[in-house]
Amino acid sequence: MSERMSVLLNKKPCYDIVFTKGFGGLPEELAALECGARKLCVITDSKVDELYGEEVLRLLEGKCAKAVKYVFPQGEASKTLDTVKDIYRFLIEEGFDRKDMLLALGGGVTGDITGYAAATYLRGIDYVQIPTTLLAQADSSIGGKTGVDFDGYKNMVGAFKMPRLVYMNLAALQTLEDRQYFAGFAEVMKHGLIKDAPFYEWLIENMYEICERDLTVLQEMMVRSCNVKRMVVEKDPTEQGDRALLNFGHTIGHAIEKARGFELYHGECVALGAVAAAYISWKRELLAMEEYYEIRDMFVPFYLPISVDKLDVQEILRLTKSDKKMESGQIKFVLLKKIGKAVIDRTVTDEEIVAAINEINFSEEDAHA
Ligand code: GLY
């Protein structure tokens with residue numbers, strides 16, 4: 001059975017998140033957004049297009065003024081202003097005007113690019129998120145962050161633009177490759193760790209079903225995970241304060257992602273960054289030692305890394321400090337006071353960061369210990 005959750009902006013309903021098990025409910029949801037006389041453009045990447053592009057386009061036919069599809073090459077390398085320019089050109093050729101709408105069908109890259117195109121084309125048109133990866137369903141499709149990478153900096157150019165709807169087909173999670181699925185799971189774990197200890201315990205209790213991708217358990221998991229994200233973005237939609245808690249694991253994580261030339265997936269780097277941040281939290285006596293080791297070891301059954309070989313510690317430190325999460329020259333670090341309670345801290349020193357990077361730096365010595 002489908003479920004829905006309303007996300008508020010300034011205390012007023014802004015958009016709904018629909019949790020369901022197919023694309024069949026999409027026409028009805030779009031009808032509720034009065035799409036009958038509007039042109040719709042599905043924006044998707046080459047991989048997702050092969051899986052769902054035609055199915056979604058067919059569902060829209062006859063339900064709107066015109067339905068078209070724009071496909072770009074799959075991968076982070078497409079998350080640039082050049083792709084956005086190509087989308088503008090396509091929309092102009094297809095005669096899209098202010099009342100028309102974009103549909104982002106795919107993962108985080110698709111959602112971020114489409115959202116940015118929607119935020120800027122004709123000074124802003126509507127868009128809908130139809131996330132198909134776990135990363136996008138758990139995190140990037142909710143909260144209106146849109147943007148592109150620029151000159152090697154992730155998400156450097158962007159805008160806040162709330163979607164009109166987030167439509168989650170949970171069955172799409174069953175078609176993901178294992179590595180991609182589990183990488184996305186790091187963001188789900190993050191939500192439990194920063195805000196919801198009972199949810200974190202529930203994830204561990206339901207480990208088997210989550211790994212097997214049981215649809216009933218996936219639905220409960222996504223509703224609870226999105227509820228954490230909803231609460232955070234409702235309170236602080238434009239990241240003036242507490243929304244930065246969602247960056248738990250991302251400060252060192254982004255640095256590793258960049259240092260490794262994106263060979264590790266984003267969620268894998270978030271898991272590594274979460275272990276590093278939990279380590280600093282333990283060393284500061286915010287977390288007990290047992291809590292640190294529990295946090296670290298609970299990534300393992302979900303096939304997420306807790307160490308990585310041959311990290312260049314000084315390079316990671318430098319990249320950590322050049323991240324856009326810096327504010328007036330200080331790093332906004334997210335630490336854990338306990339499982340389910342994260343705090344923002346601006347006093348983390350280089351020495352603490354180096355010790356944390358060493359903790360996740362796999363060495364031959366550890367392997368033989
Ligand atoms: N992905 C973090 C946020 O939405 O703020």
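Everything below is about the structure printed above this text.
Residues numbered from 1 in each chain as written. Predicted model: local features only at pLDDT ≥ 70, side-chain atom pairs only at ≥ 80, totals over all residues. Heavy atoms only, no water.

**Considering the packing of helix 11 (residues 266-283) against helix 14 (residues 350-360)**
Phase 1: Viewed as axis vectors pointing N to C, helix 11 and helix 14 meet at an angle of 125 degrees, and their least axial separation amounts to 9 Å. Taken together, the axis directions place helix 11 and helix 14 in an arrangement best described as oblique. As helix 11 packs across helix 14, the resulting crossing turns out to be right-handed. Of helix 14, the residues touching helix 11 (which contributes Leu272, Val275, Ala276, Tyr279 and Ile280) are Glu352, Ile353, Ala355, Ala356, Glu359 and Ile360.
Phase 2: Residues of the contact of helix 11 with helix 14, tallied by class, amount to 9 nonpolar, no polar and 2 charged. (Axes fitted to C-alpha atoms, helices over the stretch in contact; angles between N-to-C directions. Helix = DSSP H or I, 4+ residues; strand = E, 2+ residues; numbered from the N terminus. Parallel < 35°, antiparallel > 145°, perpendicular 65-115°, else oblique. Left-handed = near helix turned anticlockwise from the far one by under 90°. Contact = heavy atoms within 4.5 Å. Nonpolar A, V, L, I, M, F, W, Y, C, P; charged D, E, K, R; others polar.)

**Re the nonpolar core**
Phase 1: Grouped together as the largest cluster of nonpolar side chains are 81 residues, with contacts concentrated most on Phe185, Met221, Ile252 and Phe299.
Phase 2: If we ignore the near neighbours within four places in the chain, the residues touching Phe299 are Met189, Leu193, Ala271, Ala274, Val275, Leu304 and Ile306.
Phase 3: In this structure, Val18, Val42, Leu165 and Ala172 belong to the second largest nonpolar core, which totals 22 residues. (Core = buried A, V, L, I, M, F, W, Y, C linked by side-chain atoms within 4.5 Å. Buried < 20%, exposed > 50% of the residue type's maximum accessible area, 1.4 Å probe, protein only.)

**Things to note about the site of the ligand**
Phase 1: Within the structure, the ligand sits among Asp139, Lys145, Lys229, Glu239, Arg243 and Leu246.
Phase 2: Contacts to the ligand include Asp139, whose side-chain N or O atom sits 3.0 Å from a nitrogen atom.
Phase 3: Summarising the interface, the protein chains cover 89% of the accessible area of the ligand, which totals 200 Å² for the free molecule.
Phase 4: Residues that form the shell around the ligand fall into these classes: 1 nonpolar, no polar and 5 charged. (Near = heavy atom within 4 Å. Polar contact = N/O pair within 3.5 Å; in protein donor to acceptor, adjacent residues only side chain to side chain. Areas by Shrake-Rupley, 256 points an atom, 1.4 Å probe, with all protein chains shown as cover.)

**Section: the packing of helix 6 (residues 178-195) against helix 7 (residues 197-205)**
Phase 1: Following both chains from N to C, one finds helix 6 and helix 7 inclined at 140 degrees, their axes separated by 6 Å at the closest point. For the element pair helix 6 / helix 7, the angle class is oblique. Residue-level inspection shows Phe185, Val188, Met189, Gly192, Leu193 and Lys195 of helix 6 in contact with helix 7, the latter providing Ala197, Phe199, Tyr200 and Leu203.
Phase 2: Partitioning the contact of helix 6 with helix 7 into residue classes produces 8 nonpolar, 1 polar and 1 charged.

**Some points on the environment of Arg230**
Phase 1: Examined against the element boundaries, Arg230 turns out to sit in helix 9 (residues 215-235).
Phase 2: The contacts of Arg230, once residues within four sequence positions are left out, are Met5, Ser6 and Val7.

**A word on the pattern of salt bridges**
Phase 1: Counted by the stated rule, this structure contains 30 salt bridges.
Phase 2: Asp49 is the salt-bridge partner of Lys69, the closest N and O atoms lying 2.7 Å from each other. Of the two residues, Lys69 is situated in strand 4 (residues 66-72) and Asp49 in helix 2 (residues 46-60); the sequence distance between them amounts to 20 residues.
Phase 3: Shared partners join several salt bridges into a network, and the residues in it are Lys39, Asp97, Lys99 and Asp100. (Salt bridge = Lys/Arg side-chain N within 4 Å of Asp/Glu carboxyl O.)

**Thoughts on the environment of Gly273**
Phase 1: Position of Gly273 relative to the elements: it lies in helix 11.
Phase 2: By relative accessible area, which is 3% here, Gly273 ends up buried.
Phase 3: If sequence neighbours within four positions are ignored, Gly273 has contacts with Gly249, Ile252 and Gly253.

**Things to note about a nonpolar patch on the surface**
Phase 1: Nonpolar side chains collect at one region of the surface, where Leu81, Phe150, Tyr153 and Met156 lie side by side and expose about 350 Å² of accessible area between them.
Phase 2: Locating Phe150 in the fold gives a position in strand 7 (residues 145-150). (Patch = residues over 30% accessible without salt bridge, like charges linked within 9 Å, V, L, I, M, F, W, Y side chains within 5 Å.)

**Some thoughts on the sheet that holds strand 2 (residues 12-20)**
Phase 1: The 7 strands are arranged 1-2-9-6-5-3-4 in an open sheet whose pairing can be described as mixed. The sheet terminates laterally at strand 1 (3-9) and strand 4, the two strands that pair on one side only. Taking each pair of neighbouring strands and ignoring which way they run, the sheet shows an average axis angle of 20 degrees.
Phase 2: The pairing of strand 2 with strand 9 (residues 165-169) spans 5 bridges and is classified as parallel. Bridge pairing links Val18 to Tyr167 in strand 9.
Phase 3: Relative to the sheet, helix 2 contacts strand 3 (39-45), strand 4 and strand 5 (101-106), its axis offset from that of strand 3 by approximately 160 degrees.
Phase 4: Contacts between helix 3 (residues 81-93) and the sheet are confined to strand 3, strand 4 and strand 5, with strand 4 contributing the most and set at about 155 degrees to the helix. (Pairing = 2+ DSSP bridges.)

**Focus on the pairing of strand 7**
A regular strand places its side chains so that they alternate between the two faces of the sheet.
Phase 1: In terms of strand pairing, strand 7 meets strand 8 (residues 153-160) through 5 bridges, oriented antiparallel. Paired with Val148 across the bridge in strand 8 is Val157.
Phase 2: Linking strand 7 back to strand 8 in an antiparallel pair, the connection comprises 2 residues, with Asp151 at a positive phi of about 50 degrees.

**Quick look at the packing of aromatic side chains**
Phase 1: The tally for this structure, following the rule as stated, stands at 12 aromatic pairs.
Phase 2: Ring plane angle 70 degrees and centroid distance 5.6 Å describe the contact between Tyr279 and Tyr292, whose orientation is recorded as edge-to-face. Taken as a pair, Tyr279 in helix 11 and Tyr292 in helix 12 (residues 289-297) lie far apart in primary sequence, 13 residues in all.
Phase 3: Residue Tyr279 is classed as buried on the basis of its relative accessible area of 12%.
Phase 4: With a relative accessible area of 0%, Tyr292 lands in the buried category.
Phase 5: Above the face of the Tyr265 ring, Arg179 is positioned so that its terminal group lies 3.9 Å from the ring centre. (Phe/Tyr/Trp six-rings, centres within 6.5 Å; stacked < 30°, edge-to-face > 60°. Lys NZ or Arg CZ within 6 Å of the ring centre and 35° of its normal.)

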